[in-house]
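Below are the chains, spelled out letter by letter.
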Amino acid sequence: MAFIKVETEDMMIEEAFRVKHEDTEAQTEAPKSCPAKLRIILQDHDIRKLDLPQGIPGTVSELESIVRKTFGLNGNFTLHYKDADFGEEYFSLTSTSDIKDKDTIKVIHIVEPPTLTLTFTDVESSIKNASKTCIQTSVHTSVTDIYPSISGSFSGSQDTLIFPSPEHKTQRSQRWPTEFSVPRFAYDTELVLAAGTEAFRKDGIQLNFTPILPDILEKLAESIFQYVAYPTSAQLSDVAEALVQKYPCLKEPGSYNGCYGWRQRLKYKMGNYRAKLRGLGCPELDVNSIKKKRAHEKAPAKNIKKPRKAEVNFLPPHPQGETEESLENERVELLNEVKRGMMNYQIISEKMAKTFSIRRQEIVSQATPINDLKYRWPALFDAAQINEEFTRITTVDLEETFMAKLDQYSPRIMSLVFSRGRSSKMSIQRIKNMLLEDYSMEKRREAAIRCLVVYLRENEEDLFKEHSDDEDIANEVMKIIITRGSTISEPASARIVIEGTEVQQDLDVPRACALLMGLIYALNLSYPKELKNTFEAFQKIFLELDDMKACPKVMSLKNKLLY
């Protein structure tokens, strides 16, 4: 009996241990089923939200697969997460247990350098009739062209050499920075500035910078040109202030802010720097040379073609190795691809990006009419390509930025307008009635845009036109034509007309406004005089382009929206 009792107790203990072990395994293997959201940083200017209805995946590879599929990412990448234990610094994500709901994940793209294979062959010398080992001329030329600083010999046993990927950027990749970073000067200049700054802090002695002035101005001009070719006075002031802040010994005692003289020096230096680059064939500057101007415009300051709406890539040079002839062939292939009907959007996007420079030269230099552009570049008038072209020109996402800021400021804009007096009473009442009939997101956005026009004391009819079948649009210079549905529930349909040509259709009204801004940039058009304030608000408030300077009405509205 004692034996049976002990055996029974042992079985009970074993069964309890087995149940506990199974429960532990079930808890370990159970997926995280709680719905979660993650903040995904694709790029510094592109931040998205990722919804995970089934919860955070159990493995990092599953999460990477979801991120890749959701955002259409190509190539290799890794995920980093913020670690609270180290002051919110980013660390490589090795386990999904390190993250929770509403955490921030950063996508880090892995760029693998290309492999250059150098083939060694025996070449007979025509003079000494001896055999020598050398690198094939074609490969040798390409490597030394890309890396002129490479010197020395290569071992014959090394068949494959890996070099860093060459970067030859013909387009600017970023806008003017909030804080200008002063570049590093020549070594001897840095020594002089370091000694001068030390003496200034000790005894307040100003530095005699005449000997190092040429190097300072040259390096600053190079840095400025990385952002803009024609800097404004405000941008030159940013550079001058950053310079004297980093090197206090360069402050000017007689200047009201200690750097006015530096701003003037930079102004004239940029003029000389542009002249030097113009002589080297820089298209952004060469377009304004007197020999390229028409007979009645042959004056240095007449009809200067330069960025006026914060364009970053206004007139870029051709990609390396490309000519006008090769890019024209690309344009013809692109045209054939569009005419084919079954369009491959990846091929179209690649060719549109490749032909960007020749397209901008045609639009900016020749001022081609809209009808001709629509025939030569039909893909440019596709909504997706309007967005991509706008990003190439400004580095900003068009529709995403426009709609985000419109949604952010809509309540405040409508509140400001609805509180106005009788001068806008009829327009305000019409907008209120519009919202009473339909309070959808598209209608609220449209109402906010109409309120913006009213607030800036411009006419809605100059931007929008209610369409009827018997009306002619051939004389419309720039207009959004709206066709209302037969019932309230049926959404309105908007078309964009420029120079009497319909360029977009089947849009909702807010999206038509965003795409019209994209077309203005893509086609290098000016804002209509009667709607100058409205389009300036679109640019400086909704798209945040050159938003530090605006006309009084727009600046006043911006301050009321922000504070």
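Up top you'll find the structure we're talking about.
The structure presented is a predicted model; accordingly, all values stated were derived computationally and were not measured.

Peer 1: Give me the packing of aromatic side chains: which residues, what numbers.
Peer 2: The full count for this structure, using the stated rule, is 12 aromatic pairs. Seen in terms of ring centroids, phenylalanine 185 and tyrosine 247 are 6.2 Å apart; in terms of plane orientation they differ by 40 degrees. Their pairing is tilted. With a gap of 62 residues between them, phenylalanine 185 in the loop between β9 (160–162) and α4 (187–203) and tyrosine 247 in the loop between α6 (233–246) and α7 (260–279) connect regions that are remote in the sequence. On the accessibility criterion, phenylalanine 185 (5% relative accessible area) is buried. Between phenylalanine 402 and phenylalanine 538, the aromatic rings sit 5.4 Å apart at their centres with planes inclined by 75 degrees, giving edge-to-face as the arrangement.

Peer 1: Just give me the short version of the packing of helix α9 (residues 324–339) against helix α11 (residues 356–366), but keep the residues and values in it.
Peer 2: Packing of α9 against α11 brings their axes to within 9 Å, and their N-to-C directions diverge by 95 degrees. The pairing of α9 with α11 is recorded here as roughly perpendicular in orientation. Residue-level inspection shows Glu324, Leu327 and Glu328 of α9 in contact with α11, the latter providing Ser357, Ile358 and Gln361. Considering only residue class, the contact of α9 with α11 consists of two nonpolar, two polar and two charged.

Peer 1: Residues and numbers for the sheet that holds strand β1 (residues 36–43), please.
Peer 2: Paired through backbone hydrogen bonds, the strands of a sheet run either parallel or antiparallel to each other. The mixed open sheet is built from five strands, whose spatial order is β2-β1-β5-β3-β4. In this open sheet, the two strands that pair with only one neighbour each are β2 (46–52) and β4 (89–92). Averaged over all adjacent pairs, the angle separating strand axes in this sheet is 35 degrees, with direction ignored. Lying over the sheet, helix α2 (residues 60–71) contacts β1, β2, β3 (77–83) and β5 (104–109), oriented at roughly 120 degrees with respect to β2.

Peer 1: Give a detailed account of the environment of arginine 457, specifying residues and quantitative values.
Peer 2: For arginine 457, the position within the fold is in the loop between α16 (441–455) and β10 (464–466). In this structure the C-alpha to C-alpha distance between arginine 457 and serine 424, which are 33 residues apart in sequence, comes to 8.6 Å.

Peer 1: Before we move on, could you go through the sheet that holds strand β11 (residues 478–483) and cite the residues and values that matter?
Peer 2: Across the sheet, four strands lie side by side as β10-β11-β12-β13; this open sheet has mixed pairing. Here the strands that pair on one side only, and so sit at the sheet edges, are β10 and β13 (501–507). Strand-to-strand twist in this sheet, taken as the mean axis angle between neighbours without regard to direction, amounts to 25 degrees. The sheet contact formed by strand β12 (residues 493–498) and β13 spans four bridges and is antiparallel. Each bridged residue has a counterpart across the sheet, and for valine 497 the counterpart in β13 is glutamate 502. Contacts from helix α17 (residues 509–522) reach β10, β11, β12 and β13 within the one sheet, and its direction differs from that of β12 by about 20 degrees.

What counts and how
- Residues numbered from 1 in each chain as written.
- Predicted model: local features only at pLDDT ≥ 70, side-chain atom pairs only at ≥ 80, totals over all residues.
- Heavy atoms only, no water.
- Phe/Tyr/Trp six-rings, centres within 6.5 Å; stacked < 30°, edge-to-face > 60°.
- Helix = DSSP H or I, 4+ residues; strand = E, 2+ residues; numbered from the N terminus.
- Buried < 20%, exposed > 50% of the residue type's maximum accessible area, 1.4 Å probe, protein only.
- Axes fitted to C-alpha atoms, helices over the stretch in contact; angles between N-to-C directions.
- Parallel < 35°, antiparallel > 145°, perpendicular 65-115°, else oblique.
- Contact = heavy atoms within 4.5 Å.
- Nonpolar A, V, L, I, M, F, W, Y, C, P; charged D, E, K, R; others polar.
- Pairing = 2+ DSSP bridges.

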